[in-house]
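# Survey of secondary and tertiary structure
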Amino acid sequence: MDLLCHVRDFVLAAAEGAGEAAKHGEGAAREAALGVQAFKRVGYLWLIPFFPMVGAIVNAVVGARLQKRFGKSVVTNLAIGAMAAAFVTAAVAFVDLVGQPEHERLLVNHLWNMFTAGDVQANLTFALDPLSMMMVLIITFIGALIHVYSVGYMAEDPDTWRFFAYLNLFVFSMLLLVMGDNFVLMFFGWEGVGLCSYLLIGFWYKDIDKAKAAVKAFVTNRIGDFGFVLGLFLLFWALGGQWEKRSVIPPHESRWALADPAHLYEARAEAGTTYVADPTLSPQTPPATYAEVEKLATPEGWRPGASIATRDGGKVRVGPTLSFRELRDQIAVESTGVKNRLTGLTFFGMPLLALVGILLFVGATAKSAQIPLYVWLPDAMAGPTPVSALIHAATMVTAGVYMVARLNFLFALSTTAMTVIACTGAATALFAASIGFVQNDIKKVLAYSTVSQLGFMFIGVGVGAYWAGTYHLLTHAFFKACLFLGSGSVILGCHHEQDMRKMGGLKKYMPLTEKTYLYACIAISGFPLANGFFSKDEILWKAFDAGNNLADPALGKVIWLVGWVTALGTAFYMWRSYYLTFTGEYRGGHGAHESGDAHGHHGGLPHESPRSMTWVLAALAVGCFLTIFLGLWGPAGVEPVLERWLEPVLAPSHALVAARGAHEGPLAEWLLMAASVAVAFGGWAAARALYKDAKSTVPATLAAKYPRLHRWVLDKYYVDEAYRKTVLAAIWAGAKACDLFDRVVVDGAVNAAAAVGRFVCDVDGAIDKYLVDGAVNFVADGALGFGRALRRVQTGRLEHYLYAAVAGALAVVLLTFLVQ
Amino acid sequence: MTNHLLSLIVFAPAVAAMLICVSLTMPMQKAARDNLARFLALAASFIALLGGLWLWVAYDGTASGLQFTERATWIRSLGIEYSVGVDGISVSMVILSTLISFVATIASMPWWKRADEHSDPAHPHFSEVKVPGYMVMLLILQTGMSGTFASLDMFLFFVFWEVMLLPMYFLIGIWGGPRKEYAAIKFFLYTLAGSVLLLLAVIALYYKSGDPVLLARLSQLNPELFRKLLSDGTLFRGPSGAVGFHLGDGSFTPHTFDMVVLARLGQAGLFDLVGPFLAGVTFAKLMWVFMFIAFAVKVPLVPLHTWLPDAHVEAPTPISVILAGVLLKMGIYGMLRFNWAILPSATSAFAALVAAFGVVNVVYAAMVCLAQRDLKKLIAYSSVSHMGFSLLGMAAMTEAGMSGAVLNLFTHGLISPMLFLIVGVIYDRAHHREIEGFGGIAQVVPEYTAVMGLAFFASLGLPGLAGFVSEFLVLNGSFMTLPWHTALAATSAIITVAYYLWTIQRMFLGSLNPKYSHLPDLNWRERLTLYPLAALTLLFGFYPNVMLSLINADLFRLLRQVKGA
């Protein structure tokens, strides 16, 4: 341990910069009052996402032709080159960042203003602080390794160009997510990685099940995004209004203002600031002219008119913002009063910050596969294995954890939100691990393990141990990537077989894969020889020590217990997968898959993967070891490098979280550490006894003894089926009903109106034809008939006329006689 | 040229239409006559497009107010003028209409058609039937569209509005699908019913604008404001001492059709001074409802929307493109120009109702989409859903909501034409649009699949593509005042993803339907129409400010006036 500590000190000194380490005593910087985040403007950060973007575009547009003309190596080299360039640029940025004083470690690269409408202002601005720097290095480094690995893995696929275009696009999106300096850019990446995940899960889209898994992933993520966006809007609403620009005051601002208008924006450190209706801020206030409002906006996004002075003379812009830095500043700097204002606000009777935190976390549950939205991740294993390693283990799924850590200053303000996050994380960790016990598909085991490990990370960020959660993110990125790629190597070696029951004994055939897998198992199960132990144990300790950071101090102990049991489970199922895969005799059918398999020439026996793949595995295994030094800690106040590195980012929440902690003594910490080691060995021993060399009959006996339980767990507790029968069925019924309503009622009404119109017209026509026209025709017909009758009289024969004349004369005589 | 830019944009197509008519009198081969008509149509809409692009470049977004105005007296005795001009609300729409018209004209060409494309001589492709007539109608339609957006005179607006209606009727009714007569008459009657109400309102506003009793009351109630109106040129004292208005040439008229003047009068509260009718319904509110219904038919607002799916399903592809890309926008545009600008107080009173209608549009239509089997009908309903966002945004009375509402017109005007072109591509090849009738065709038409994916993802609001920005602005803006409405409307983001991705899954993914193993990919005509729109969709995804900076200033001014009412 002593030796390790020396190495740690060395790494620490390197990371700090020689002068820096001397300047800052232990924790001295933390005592200083939080000020405005200072930053350095640079002009090259855009290059980091730019390289993968170019790689993606070139491969997408001309990749097919390049591959046809010059072979696959051109497209793969292009993609790998883009990754290497991104990594080198990131390394340059890292050096730049290290060179800054500790609390000024923020590089900002403003490109352009994407859109501005009122307060809603989104800039295309990249920012790197220690947290995002760490993420960028993980993404570009592990991403580059996985690109290299993919060359071998995808060697037989005809659509190599498409695969690498998607991979590069993914890296581009992921870099946007972590480098964006505002919510909008983060959301660009947030949904962009979702898109790439969709594209890559469905990479082999000819298989409809894979396509369906892709759709499921994207739709589930959209549900999360719905929560995320609402959380963001709610926060925006809460920051509400234009504290200085009174011209366009949102209605809520007219109702809520600080109680004391005279000192409206003065320092208010004391808690419990009250809010009353403020007559001076009513909407009747005559609006300022537009020019005045416009004057406040400057190209850089700062609105000097809306800045208020801090105690130390700096300026903080308050009010609604999408920028992380501006948000951090106004919350972290006490004198703005924003923190108190936010904690005092309610939204329809609910504490606003809790609501914001929970809604944002809903986004994280989808992206980072937590209960209740974890269901897409196991299905996502339909994608090629490098994708599972890069997206569904190392980077994308950790975005939720990153987001919570990024907004630590916000989440730490609400213990309700923290409780929800930590409990969800703990529940997910245990739940997913239990499913992992019985899965036979090696990738499914790793998928549920990922869900479970993400649960651990959320325990960490939930109890306020942001650095520990983030550290677990980092260690997990290495060991889980190594495990996934190892499983990929195994799958390739076994001719696309994923069922562990048909593996076994691969140690003999794939020695390097076996060694790296073994070491990654050591890491994940928490033996103190690899990075996983240090991160997981720190999380568990912080959970135990959470105290008042959670709604109930006892909750921390419960979460610790759940995590501890889960750690036992983790060790068990990981070693189970190891022993099933690598020990015993090979159980695969010889040549069973030869027909559609280009590996037929190996005679069906497993084989080691090409060096481009195994060396990547080795590199990741080495990474699992080296990253120990970032988080090496001791109960005696030894500060881990990573904690120190992240300190400037986490400073706004640090004091708050520390003050609420339970402060258990170092003895407890040692005891818990011993307990952690004990479960790691316990899980290993159990798995070894049950699965080594496939000798024991206990697992089969147990499964046979409790068939329903076994089936139930194997079928993942039927959660998918439950969702299908409730949520999906309801939506589908709703859609059907709406469609029917539209066709029958709405369109029916239109057609009925038309029919009524036509009927009226018909009646009208009939009246016209028979009554009006009939009368006219009657008169005409009468005249005609009369004429026709009269015509008969005119016969042209003289005697007829004579008869008529005589008759007429007689009639006249008769008439005259009668009248008289 | 700049002085008459708008006239050029509006009348270039009309001139070409006339030339085509003239050419019909000349002895010519049918093929030559058809080609001449095609060439003239293409040239005219290209000139209009150049005008539109010039407008985009030359329009000064920092100066608020009208630009590129032209005025000429038309009917002096009624005070009717030929008055055109653009401000932030209309400039994007004029640009959009020239762009979409050009795209639609290209899509109407028979270029690069394959031998098997129109194999059935009994049902020839619309691009081969009665070509001169088609082109004349298309050109008149273009004139009507840009004229409607550019008009500043209510009478002129109404004339263009009706001019647009007739060619649309014939284009659907003659060149449409199997149920074309039903769809055409439905479209025509529906819109006409709205137009009648609009005409009533226009005439009523015209007469009330110069009502001496009202003006006298205004001067009594608020003499200062009245003096201001007199001094800023809104009102004039006529030769007999009566108060009235000036035409562009300086002559006096007692009433006015001038939309700018009417807006100023409306914002001064003139129309609120008319006494209430029955049961407290004021004149302003009644006129507001009349105009709202007229425009709501065009939006279309649920439940006045059922003409749209029918019209789309029967219309030939370019006409669907215009219908979705431009015509639907006139509803929202008219509401902003008439209801919002002229009757702000009634707008405030009805805003909550409009927002509720917007939410119904968004969610209801999205749900209906989920149940559609016909691809074109699905796209048509998705248009209904997306237009609801504009209603919600403009009813929210926030800057972001307003910006988003108008930007949504533009972005939807880019995306929905793409969607309809995509439907046209598959319909030309397969002669049907049943979603379930395909399967796995991504394998045979990769390029088509890629463009389709871009358009679908743009429509479902993927960040980085145009649709996201407007949706985000609308939702962000409306959340500030209408959180529950917004939360409900935002659920549509999930439903939208579901129906689009499900459609992709059923049509493009999975094993290939052997019937379509030889489906040809995009040809160059289709590329010419799809790629520019796709490029613009990307541009507006990352840099929407190129349009927002033009529209924001005037919109915010309008917003303040409505909120001040």
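Being a predicted model, the structure only gives us computed values, none of them experimental.

## Looking at the overall build of chain A
- Regarding its fold elements, chain A presents 33 helices and nine strands.
- Going through the 820 residues of chain A one by one, you find that 53% of them count as buried.
- A fraction of 78% describes how many contacts in chain A between residues 6 or more apart in sequence connect residues 24 or more apart.

## A short note on the overall build of chain B
- Scanning chain B from N- to C-terminus turns up 21 helices and five strands.
- A compact globule built from 565 residues would reach a C-alpha radius of gyration of about 24 Å, and chain B, at 24 Å, matches this within 12%.
- In chain B, buried positions account for 60% of the 565 residues.
- Restricting the contact set of chain B to residue pairs at least 6 apart, pairs at least 24 apart contribute 80%.

## A look at the interface of chain A and chain B
- On the side of chain B, 53 residues touch chain A, which itself brings 45 residues to the contact.
- Mapped onto the side of chain A that touches chain B, the elements with two or more residues apiece are strand 2 (107-117), strand 3 (120-128), helix 8 (183-201), helix 9 (208-239) and helix 32 (719-793) of chain A.
- Tallying contributions element by element places helix 9 of chain A first for the side of chain A that touches chain B, with 14 residues.

## Considerations on the confidence of the model for chain B
Residues and elements named next belong to chain B.
- In this model, chain B carries an average pLDDT of 90, and 98% of its residues clear a pLDDT of 70 or more.
- Between the elements of chain B, mean pLDDT differs from a low of 85, seen in strand 3 (residues 236-237), to a high of 95, seen in helix 16 (residues 446-459).
- Complex prediction metrics read pTM 0.88 and ipTM 0.93.

## Some details on the nonpolar core
- Counting residues in hydrophobic clusters, the biggest one holds 475 residues, and the most contacted among them are Ala422, Ala481, Cys482 and Ala520 of chain A.
- It is helix 9 of chain A that contributes the most residues to this core, 20 residues altogether.

## Some words on the environment of Ser64 of chain B
- Structurally, the position occupied by Ser64 of chain B is in the loop between helix 2 (30-58) and strand 1 (67-75).
- Along the chain, Ser64 of chain B and His125 of chain B lie 61 residues apart, while their C-alpha atoms are 47 Å from each other.

## Structural notes on the sheet that holds strand 4 (residues 243-246) of chain B
Residue and element names in this part refer to chain B.
- Sheet architecture is open: three strands sit in the order 3-4-5, paired in antiparallel fashion. Taken across any chain shown, the strands that pair with only one partner, and hence form the sheet edges, are strand 3 and strand 5 (252-253).
- Direction of pairing for strand 3 relative to strand 4: antiparallel, over a ladder of two bridges. Each residue of the ladder has a partner; that of Phe236, found in strand 4, is Gly244.

## Let's talk about the environment of Ala127 of chain A
Residue and element names in this part refer to chain A.
- Inspection of the secondary structure assignment puts Ala127 in strand 3.
- The class for Ala127 is buried, based on 24 C-beta atoms found within 10 Å.
- When the C-alpha atoms of Ala127 and Leu107 are compared, they prove to be 5.4 Å apart, with 20 residues separating the residues in sequence.
- In this structure, Ala127 is in contact with Leu106, Leu107, Val108, Ser132, Met179, Asp181 and Arg325, ignoring residues within four places of it in sequence.

## Some details on unusual backbone geometry
All names here are of chain B.
- The omega angle of the peptide bond from Val299 to Pro300 is -10 degrees, so this bond is cis rather than trans.
- Structurally, Pro300 is set in the loop between helix 10 (283-298) and helix 11 (307-314).
- Look at the link from Val302 to Pro303: it is a cis peptide, with omega at 15 degrees.
- Residue placement: Pro303 occurs in the loop between helix 10 and helix 11.
- Non-glycine residue Phe68 carries a positive phi angle of around 55 degrees.
- One can find Phe68 in strand 1.

## Here we look at the pairing of strand 4 of chain B
Residues and elements named next belong to chain B.
- Here strand 3 hands over to strand 4 after five residues, with Gly241 in that stretch at a positive phi of 90 degrees.
- In the sheet, strand 4 pairs with strand 5 via two bridges, with the strands oriented antiparallel. Counted as the bridge partner of His246 is Phe252 from strand 5.

## Some remarks on the pairing of strand 1 of chain B
All names here are of chain B.
- Note that strand 1 and strand 2 (residues 80-86) share six bridges and pair antiparallel. Residue Ile75 lies in a different strand from strand 2, and its bridge partner there is Ile80.
- Two successive antiparallel strands, strand 1 and strand 2, enclose a turn made up of four residues, where Gly79 displays a positive phi of approximately 70 degrees.

## Description of the packing of helix 2 of chain B against helix 3 (residues 88-107) of chain B
Residue and element names in this part refer to chain B.
- In the contact formed by helix 2 and helix 3, the axes pass within 8 Å of each other and the chain directions differ by 150 degrees. The angle between the axes of helix 2 and helix 3 places the two elements in the roughly antiparallel class. In this structure, helix 2 crosses over helix 3, and the sense of that crossing is left-handed. Along the contact surface, helix 2 presents Ala41, Leu42, Ser45, Phe46, Ala48, Leu49, Gly51, Gly52, Leu55 and Trp56, while helix 3 presents Val91, Val94, Ile95, Thr98, Leu99, Ser101, Phe102 and Thr105.

## So, the environment of Ala346 of chain B
Residue and element names in this part refer to chain B.
- Here Ala346 is to be found in helix 13 (residues 344-370).
- When the C-alpha positions of Ala346 and Asp272 are compared, they lie 8.5 Å apart, and in sequence the two are 74 residues distant.
- Contact partners of Ala346, with chain neighbours within four places excluded, come to Ala284, Lys285 and Trp288.

## Thoughts on the sheet that holds strand 2 of chain A
Residues and elements named next belong to chain A.
- Ordered by their spatial adjacency, three strands build an open sheet running 1-2-3, and the pairing between neighbours is mixed. Every interior strand has two partners, whereas the edge strands, strand 1 (40-41) and strand 3, have only one.
- Relative to strand 2, strand 1 runs parallel, the two being bridged by two bridges. Within the sheet, the bridge partner assigned to Lys40 lies in strand 2 and is Leu107.

## Observations concerning the confidence of the model for chain A
Residue and element names in this part refer to chain A.
- Scored by pLDDT, chain A comes out at a mean of 82, with 84% of its residues at no less than 70.
- Taken together, the stretch residues 17-32 has pLDDT below 50 and engages in 15 contacts with residues farther than four places along the chain or on a different chain.
- Ignoring residues within four places in sequence, the model shows residues 241-313, a span with pLDDT below 50, making 103 contacts including any to other chains.

## Regarding the packing of helix 6 (residues 130-153) of chain A against helix 16 (residues 385-394) of chain A
Residue and element names in this part refer to chain A.
- With their axes 9 Å apart at the nearest point, helix 6 and helix 16 run at an angle of 165 degrees to one another. Comparing their axes, helix 16 and helix 6 come out roughly antiparallel. Crossing hand, helix 6 versus helix 16: right-handed. On helix 16, the residues touching Ile138, Ile142, Gly143, Ile146, Tyr149, Ser150 and Tyr153 of helix 6 are Thr385, Pro386, Ala389, Leu390 and Ala394.
- Of the residues that constitute the contact of helix 6 with helix 16, the class distribution is nine nonpolar, three polar and no charged.

## Section: helix 1 (residues 5-25) of chain B
Residue and element names in this part refer to chain B.
- Over its 21 residues, helix 1 runs 31 Å from end to end, which matches the ideal 30 Å to within 8%, given 1.5 Å per residue.
- The largest bend in helix 1 comes to about 40 degrees, at Phe11, with the proline Pro13 one to four residues further on.
- Burial in helix 1 covers these residues: Leu5, Leu6, Ile9, Val10, Ala12, Pro13, Ala16, Ala17 and Ile20.

Quick notes on the rules
Each chain has its residues counted from 1, following the order in which its sequence is written. To label them, take the chains in the order written and letter them from A, then take the ligands in the order written and number them from 1. With pLDDT at 70 or above as the cut-off, local features in this predicted model cover only qualifying residues; side-chain atom pairs require 80 or more to be listed or tallied, and sums for whole chains, interfaces and linings still use all residues. Helix numbering and strand numbering both begin at the N terminus, where a helix is a DSSP run of H or I of at least 4 residues and a strand a DSSP run of E of at least 2. Partly exposed residues are those whose C-beta has more than 12 but fewer than 20 other C-beta atoms within 10 Å; with 20 or more the residue is buried, with 12 or fewer it is exposed, and the C-beta atoms are placed from the backbone. Distance between backbone-placed C-beta atoms decides contact: two residues are in contact if it is within 7 Å. What the globule rule says is 2.2 Å times the number of residues to the power 0.38, and the radius of gyration is computed from C-alpha atoms. pLDDT is a residue-level measure of predictor confidence that goes from 0 to 100. Note on definitions: a nonpolar core is a set of buried residues drawn from Ala, Val, Leu, Ile, Met, Phe, Trp, Tyr and Cys, linked by C-beta atoms within 7 Å. In short, DSSP must find at least two bridges between two strands for them to pair. To get an axis, a line is fitted to the C-alpha atoms, and for a helix only the part in contact is used. The angle between two axes follows their N-to-C directions and goes from 0 to 180 degrees. Relative orientations are named as follows: roughly parallel for angles under 35 degrees, roughly antiparallel for angles over 145 degrees, roughly perpendicular for angles from 65 to 115 degrees, and oblique for any other angle. Crossings are sorted by hand: turned counterclockwise from the far helix by less than a right angle, the near helix makes the crossing left-handed, and turned clockwise it makes it right-handed. When residue character is reported, Ala, Val, Leu, Ile, Met, Phe, Trp, Tyr, Cys and Pro are called nonpolar, Asp, Glu, Lys and Arg charged, and the others, Gly included, polar. A helix is expected to span 1.5 Å multiplied by its residue count minus one. Across the chain, bend at a residue is computed as the angle between axes fitted to the seven residues ending at that point and the seven starting from it.

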